[in-house]
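Understanding the architecture of this molecule
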Amino acid sequence: DVKVTQSSRYLVKRTGEKVFLECVQDMDHENMFWYRQDPGLGLRLIYFSYDVKMKEKGDIPEGYSVSREKKERFSLILESASTNQTSMYLCASSSLGLAGATDTQYFGPGTRLTVL
Amino acid sequence: AQSVSQHNHHVILSEAASLELGCNYSYGGTVNLFWYVQYPGQHLQLLLKYFSGDPLVKGIKGFEAEFIKSKFSFNLRKPSVQWSDTAEYFCAVIPLNTGGFKTIFGAGTRLFVKA
């Protein structure tokens, strides 16, 4: 069974704090993703990584950065948290499918971040 | 901009009713298509996927989806829903000619099944 774990289920931070969200997968997947999930907006891609030390911006990268130093670990960093970053953050991993495209994504349980 | 539209944000059905959730996407090239489901308190998980071949795809728990290329649609169906199908359902599309990495998700449809 693929397992994707996230460091915290709930997190409360103050405006301006630096926030680290950690994600670990145990299936040797090449691809890892960070999304935020907001009601009525579905999942929006923040960043993804297709290999160690490789990263690409998603659709809403502003205010975020990422780090992938090891294949199994993908971190999301909020350099200076703001109230509009209050959200549910989901990490996912996937192998490569046909034609090198992303195959099924396996999701972690999510981190509900509240920024006060 | 590429987008994925799910027509219904909230659906309420009685047990044994039939279900169809609509999904349309705006991208005209080759795509991989997915439906994911999030049961209350659980992780988002795969329901079914389509890459190529038979456009009628069967997934877990009696769900199926039909890819209609001419309509840019990938609707999810189930002939008879159960109370345990109460969940949020997300359609997702991967356009292949942009590298095949990025998944575009719809806004989701919350299904509530009355016992």
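Residues numbered from 1 in each chain as written. Chains lettered and ligands numbered in written order. Predicted model: local features only at pLDDT ≥ 70, side-chain atom pairs only at ≥ 80, totals over all residues. Heavy atoms only, no water.

1. With respect to the state of the cysteines
- Under the defined criterion, the tally for this structure stands at 2 disulfides over all chains.
- Two residues share a disulfide in this structure: A:Cys23 and A:Cys91, whose sulfurs sit 1.8 Å from each other. Looking down the S-S bond of the A:Cys23 and A:Cys91 bridge, the torsion is -75°, so its handedness is left-handed. Here A:Cys23 is found in strand β3 (residues 19-25), whereas its partner A:Cys91 is found in strand β9 (residues 87-94), with 68 residues between them in sequence.
- One disulfide bridge connects B:Cys23 with B:Cys91, the sulfur atoms lying 1.9 Å from each other. Taking the torsion about the sulfur-sulfur bond, which here is approximately -65°, the covalent link between B:Cys23 and B:Cys91 counts as left-handed. Taken together, the positions of B:Cys23 in strand β4 (residues 23-25) and B:Cys91 in strand β10 (residues 87-95) put the pair 68 residues apart, joining distant regions of the chain.
- You can call B:Cys23 buried: its relative accessible area is 0%. (Disulfide = S-S within 2.5 Å. Helix = DSSP H or I, 4+ residues; strand = E, 2+ residues; numbered from the N terminus. Buried < 20%, exposed > 50% of the residue type's maximum accessible area, 1.4 Å probe, protein only.)

2. Points about the packing of aromatic side chains
- Tallied over the entire structure, the rule returns 16 aromatic pairs over all chains.
- Centre to centre, the rings of A:Tyr35 and A:Phe107 are 5.9 Å apart; their planes meet at 40°, and the pair counts as tilted. Taken together, the positions of A:Tyr35 in strand β4 (residues 31-38) and A:Phe107 in strand β10 (residues 106-107) put the pair 72 residues apart, joining distant regions of the chain. There is no split in this pair, since A:Tyr35 and A:Phe107 are both buried.
- Measuring from ring centre to ring centre gives 6.3 Å for A:Phe107 and B:Phe105, while their planes differ by 75°; the resulting arrangement is edge-to-face. Here B:Phe105 lies in strand β11 (residues 104-105) and A:Phe107 lies in strand β10, a pairing that spans two chains. (Phe/Tyr/Trp six-rings, centres within 6.5 Å; stacked < 30°, edge-to-face > 60°.)

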